[in-house]
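Listed below, chain by chain, are the residues.
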Amino acid sequence: MTGVAIAAPHSDAVTAAEAVVSKGGGAVDAAIAAAAALTVAYPHQCSIGGDLIALFRSPDGEVRAVLSAGAAAAGFDVTAVAGLDRMPPGGPLAITVPGVVAGWARLAELGARLPLGDLLQPAIGLARDGVAVSPGLARGTHDRLAVVRQDPGLSALVLDEAGEPLPVGATLRQPVLAATLTEVAGDWKSFYTGPLSQRVAAALEKFGSPLRASDLAAHEPEVCEPLSTTKDGVVWSVAPPPSQGAALLAVLAAAPAERLAAAREAELRRDALLGDPAMGPIDVAGLLGAASRSVEALPTGPKPAGDTVAVTAVAEDGSAVTLIQSVFQTFGSGLLDPGTGIVFHNRGSAFSIDPDHPGRVRPGARPPHTLCPVIAVSDESVLALGCQGGRAQAWILSQVAEDAMVAPNLRAVLDRPRWVIGSRDIDMPRPTLLLEPGVPTAEALEAAADSLGLDVVTSETKRDDAGHVQACRLDRRPRPDTLLDAAPDGALNAALDGALDAVPRPGGQTGPDSHAEPGSQTQPGREAEPAQPSQSKAGKLLAAADPRADGLGAVFTAN
């Protein structure tokens, strides 16, 4: 019996995970299948034309980071952006080499039980047969309607014959993307070195990108040690640069009452110091806040918005995955290639054009990344944690991470009101503390914000800006409410921040909560089946979602 907890922002992604778990897949298989399904169901937030950063914990306890963040073209002409205030927010110059496909493949090598091609079959079926337009996709299309209408590929995908956005529940079919995913399933390397790569490169060149087939062929995911720190018996691991993971560790190191100040300092340091270590030394100590240096006088990077999906999975064998993939801004560069069905990201818009900045644009460099996956391990628990939230991911996660390690109700932790800081990335004209209604420490935060020179805004409702958090946890400690006497590995828990982003299935129902006892299955669109005694080591299995954003958490058991 295998138990796998999965959290993802769309029910079809969870269904894809269930399908591969039922065939013997584990945490890695579930995460990749869900991630692939999201490239079909959520083209406004992720695509095989985007990037991926992930953490993987093996059953023996080793944690590795997978950085499949693509680089700027070897032939990128820096003079093309000279004189601009910032990198173009979209269009061909904002596209870097897509890393998602290679990232899936490298993760599969690290811990998948099934062939990569098998893990992509649910996504291929969704693209071929169609997926219902979700509320999240409908919102994204409305928010970026001007950009969508400018691109024939995107217009054909998400607009009707009258040029208006497809309504929630309309069927979105992507036969060309299905064919592309089928090629990837047959040989993932074809995306970078085969006939598919030639078509991708030709499309990019036609759009006006300097990327060529040789740039695709040169892409190699980096598998490396994570950045880690230990606090109160918990080892926190994050991705190293060019990811902003160090910012989260810097905030977690501060006392809870000082975390707004720590977040502001981490923000300034990240904006000034983050870059690609492959292009030169990066001041990691400075990013962590350990170095006594002022960053006020250093050049800062751009402040673009972002759009992302996170998938987390944990299995009863102790393996865990936090996978984040992204097109960066909603619909990325605003360009979809009709010949492959691929939406290309705009991650290159995160480069600085300041010639003295470590994250400056230059040939072959990877841009600074907002993606911030987390794995935390103690003697009692293994936690996989991730979120959407752009530049604010570090402070969003800092408000839930520690309690998510121990709380019996993950949903309640994720449902609490939160705060973020930012400026243009949260639609504010200057640096601002944005509070959701009901933050319990709001008065103290407002006082601290004043001393930090931050404006203060309290929203009327919960905000997407405050992140969509996904969390899965394996508890090794026994729980008094465990159904089975023989449950030495404790409990699996899954939760995520968001209401179910899918239209109800015929004969089923959708909703924010799903629970399962050992031996049962929780499936999107259906209530949990009655608990049946079994010899599963998983103990109590729990999946939950809260109404802040779109998503579903579930736990599956299979022979």
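Refer to the preceding data block for the structure.
Everything in this summary refers to the structure shown in the same document. (Residues numbered from 1 in each chain as written. Predicted model: local features only at pLDDT ≥ 70, side-chain atom pairs only at ≥ 80, totals over all residues. Heavy atoms only, no water.)

Two modes of strand pairing occur in sheets, parallel and antiparallel, and in both the strands are linked by backbone hydrogen bonds. Overall, mixed pairing links the 3 strands, which are arranged E15-E16-E17 in an open sheet. Two strands in the sheet have a free side with no partner beyond their single neighbour: strand E15 (419-422) and strand E17 (455-458). Between one strand axis and the next, the sheet turns through 20° on average, direction left out of account. Where strand E16 (residues 432-435) and E17 come together, 4 bridges link them in parallel fashion. Considered in E17, the bridge of Thr 432 is made with Asp 455. Against the sheet, helix H19 (residues 442-451) engages E15, E16 and E17, with an angle of about 170° to E16. (Pairing = 2+ DSSP bridges. Helix = DSSP H or I, 4+ residues; strand = E, 2+ residues; numbered from the N terminus. Axes fitted to C-alpha atoms, helices over the stretch in contact; angles between N-to-C directions. Contact = heavy atoms within 4.5 Å.)

Space left empty within the atom packing is revealed by a probe, the size of a water molecule, rolled over the atoms. Here the second largest pocket is characterised by a volume of approximately 510 Å³. Along its surface, the second largest pocket is lined by 21 residues, and Pro 256, Gln 399, Trp 419, Thr 441 and Leu 445 are the ones closest to its centre. Those elements that place two or more of their residues in the lining of the second largest pocket are helix H14 (259-273), helix H17 (401-404) and H19. A class-by-class count of the residues in the lining of the second largest pocket yields 13 nonpolar, 3 polar and 5 charged. (1 Å grid on protein atoms, 1.4 Å probe; cavity = no way out; pocket = protein on both sides within 12 Å on 5 of 7 lines; lining within 4 Å. Points joined across faces, edges and corners; volume = space filled by probe spheres on them. Nonpolar A, V, L, I, M, F, W, Y, C, P; charged D, E, K, R; others polar.)

All told, the structure shown has 22 salt bridges when counted by the stated rule. Across the pair Arg 366 and Glu 222 runs a salt bridge, and its minimum N-O distance is 2.9 Å. Here Arg 366, found in the loop between strand E12 (342-344) and strand E13 (374-377), pairs with Glu 222, found in strand E6 (residues 222-224); they are 144 residues apart in sequence, far enough to count as distant. Owing to a relative accessible area of 29%, Glu 222 belongs among the partly exposed residues under this scheme. A salt bridge links Arg 463 to Asp 465, with the shortest nitrogen-to-oxygen separation between them at 2.4 Å. Look at Arg 463 and you get partly exposed, because its relative accessible area is 22%. The network of salt bridges with common partners includes Arg 264, Glu 267, Arg 270, Asp 271 and Arg 391. (Salt bridge = Lys/Arg side-chain N within 4 Å of Asp/Glu carboxyl O. Buried < 20%, exposed > 50% of the residue type's maximum accessible area, 1.4 Å probe, protein only.)

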